[in-house]
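# Geometric and topological summary
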Amino acid sequence: MAHPIDQAISSWNKLLADDPIAQSHDALTHELQKAGLLPDDRALCKVLRPRFVTASRHREEQLLARGLVSIHEKMLAGIESGDIPDTNLGGLREWIRRVRALDPRPESSKAAWLRLDASLARTQLHALELNGDAPSGEGHNDAVIAFLMAIPATERFLQQNGGTFLELLPGFERQIVKRAREITGVENPSVAWACWNDTPDRRKLVAALTSHLTSRGFPVVYADPSEFEVNDSATRLNGTRIHVILRACLTPELLERQEAASALIQAARSNHTVVLNPLGTEPLGHKALFAAISDPALTRQLSSSERKLIARHIPWTRLLVEQNTASPQGKEIDLLPWVIENRSHLVVKPMDGHSGEGVVLGWHTEPDRWEETVQTNLGRSVVQSRVRLHSERYPVIDDGLAEHEFYEDTDPFLFEGEPAGVLTRLSASEITNVSAGGGVAATLVLPDS
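My aim in this report is to walk through the structure given alongside it, one point at a time. (Residues numbered from 1 in each chain as written. Predicted model: local features only at pLDDT ≥ 70, side-chain atom pairs only at ≥ 80, totals over all residues. Heavy atoms only, no water.)

Moving on: the packing of aromatic side chains. A complete count under the given rule lists nine aromatic pairs for this structure. Look at Trp12 and Phe157: their rings are 5.4 Å apart centre to centre, the planes differ by 70 degrees, and that puts the pair in the edge-to-face class. On the criterion of sequence distance, the pair formed by Trp12 in helix 1 (residues 4-17) and Phe157 in helix 6 (residues 152-161) is long-range, its members being 145 residues apart. Each member of the pair, Trp12 as well as Phe157, is classed as buried. On the basis of an interplanar angle of 85 degrees and a centroid distance of 6.3 Å, the ring pair of Tyr394 and Phe406 is categorised as edge-to-face. Of this pair, Tyr394 sits in strand 18 (residues 391-395) while Phe406 sits in strand 19 (residues 403-415), placing them 12 residues apart in sequence. Neither residue differs from the other here; Tyr394 and Phe406 are each classed as buried. Members of the aromatic cluster, joined through ring pairs, are Trp113, Phe172, Phe413 and Phe415. Residue placement shows Arg49 over the ring face of Tyr394; its charged tip is 3.9 Å from the ring centre. (Phe/Tyr/Trp six-rings, centres within 6.5 Å; stacked < 30°, edge-to-face > 60°. Helix = DSSP H or I, 4+ residues; strand = E, 2+ residues; numbered from the N terminus. Buried < 20%, exposed > 50% of the residue type's maximum accessible area, 1.4 Å probe, protein only. Lys NZ or Arg CZ within 6 Å of the ring centre and 35° of its normal.)

Laid out in structure tokens, this is it:
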């Protein structure tokens with residue numbers, strides 16, 4: 001009997017073949033433009049099919065995401081308290097202290113939303129990193145759903161096969177409204193995006209969430225962090241009261257530019273303005289924390305079930321420093337020579353990197369270049385075991401719906417620690433970040449038969 005996903009793909013492709021919009025490149029381009037998926041004439045959605053996942057698999061994915069975030073929280077608390085040594089974690093405890101100093105209130109470490117970046121083959125989820133600072137992609141996800149729903153074949157598929165698209169924007173809206181109500185008592189808060197004037201491209205990443213909030217009646221503006229006016233009773237922008245500040249500026253930048261960000265930091269510390277994500281959430285996704293979680297010498301405080309979860313779903317990760325440690329096979333190694341010799345199985349990632357910047361894939365790197373990468377990234381990056389990303393064939397819009405192979409990145413979102421929707425990213429290369437050339441596909445959960 002065919003796998004349910006194979007059956008769904010076959011059904012979908014048959015319906016596309018008879019759909020007049022699906023067969024018209026001009027019509028598809030028009031719908032992409034309407035959905036806001038063609039900024040600067042670059043398609044953020046390149047394919048005409050959702051990623052299918054069975055309901056049972058999605059439930060497992062949610063349970064796993066919740067479990068992995070819980071482990072991150074326990075390990076972070078242990079490192080912060082000193083119960084877990086951070087000798088080979090790049091001074092992670094000091095980094096946590098610096099971040100906490102931005103807003104020392106306990107509630108500042110409680111994330112409104114998180115994104116687990118992972119690869120889900122049909123049998124197993126491999127978590128590659130956790131974004132606890134300023135996760136994005138929610139608007140692109142829901143824009144792709146709107147794009148697909150404009151194609152008659154989608155409605156016919158849902159009528160024949162059932163299924164539910166995983167939306168993300170409603171979860172973000174609920175968090176914004178909930179936290180604004182708790183802090184300000186306002187039901188219809190005014191919202192400002194904090195985005196540096198010298199990083200205008202980030203506004204494009206949050207444009208879809210901005211459009212959603214605007215359509216729901218929330219006033220939304222953009223501001224450089226230095227432009228807020230904060231006193232004991234309110235935060236204002238050009239004289240207008242701001243209730244919620246959303247961040248398109250990252251925590252490392254706030255630490256580097258504290259004087260320029262002083263108004264934003266003051267607003268975050270106040271009892272009258274909501275800043276999301278709060279300023280203390282970044283350490284939860286720090287890449288050195290992955291090195292701690294994947295090192296059995298540091299996870300003794302966890303339960304046996306939690307350690308099994310790590311062994312199955314977290315790839316071996318270490319800070320790139322001179323140290324003796326256990327290899328992925330559990331053998332003691334001198335890390336740096338071992339890394340140089342085993343490049344075909346390893347990836348180097350900057351500890352404070354984002355959007356795929358600075359990631360070096362050993363299996364695509366010449367030996368001399370790899371050794372140079374190791375030497376120049378000492379103490380600043382982690383090295384991680386290669387995870388062979390799952391790939392599927394999708395019909396490509398710009399190639400007459402001919403099928404091409406794409407690597408899939410499966411990114412569960414969590415709101416206040418509870419799993420919600422999933423962002424699916426697709427790329428012809430193994431770096432799937434949208435800013436690095438990847439695209440977004442919708443995720444459709446199929447009913448269990």
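So that's the structure; there's more coming.
This brings us to unusual backbone geometry. Asn277 follows Leu276 through a cis peptide bond whose omega is -15 degrees. Inspection of the secondary structure puts Asn277 in the loop between strand 11 (274-276) and helix 12 (287-293). For Asn238, which is not glycine, the phi dihedral falls at a positive 50 degrees. You can see Asn238 is positioned in the loop between strand 8 (235-237) and strand 9 (240-242). Overall, Asn238 belongs to the exposed group, its relative accessible area being 70%. In the Ramachandran plot, Glu416 falls in the positive-phi region, its phi being about 50 degrees despite a non-glycine side chain. With respect to the element layout, Glu416 can be found in the loop between strand 19 and strand 20 (418-427).

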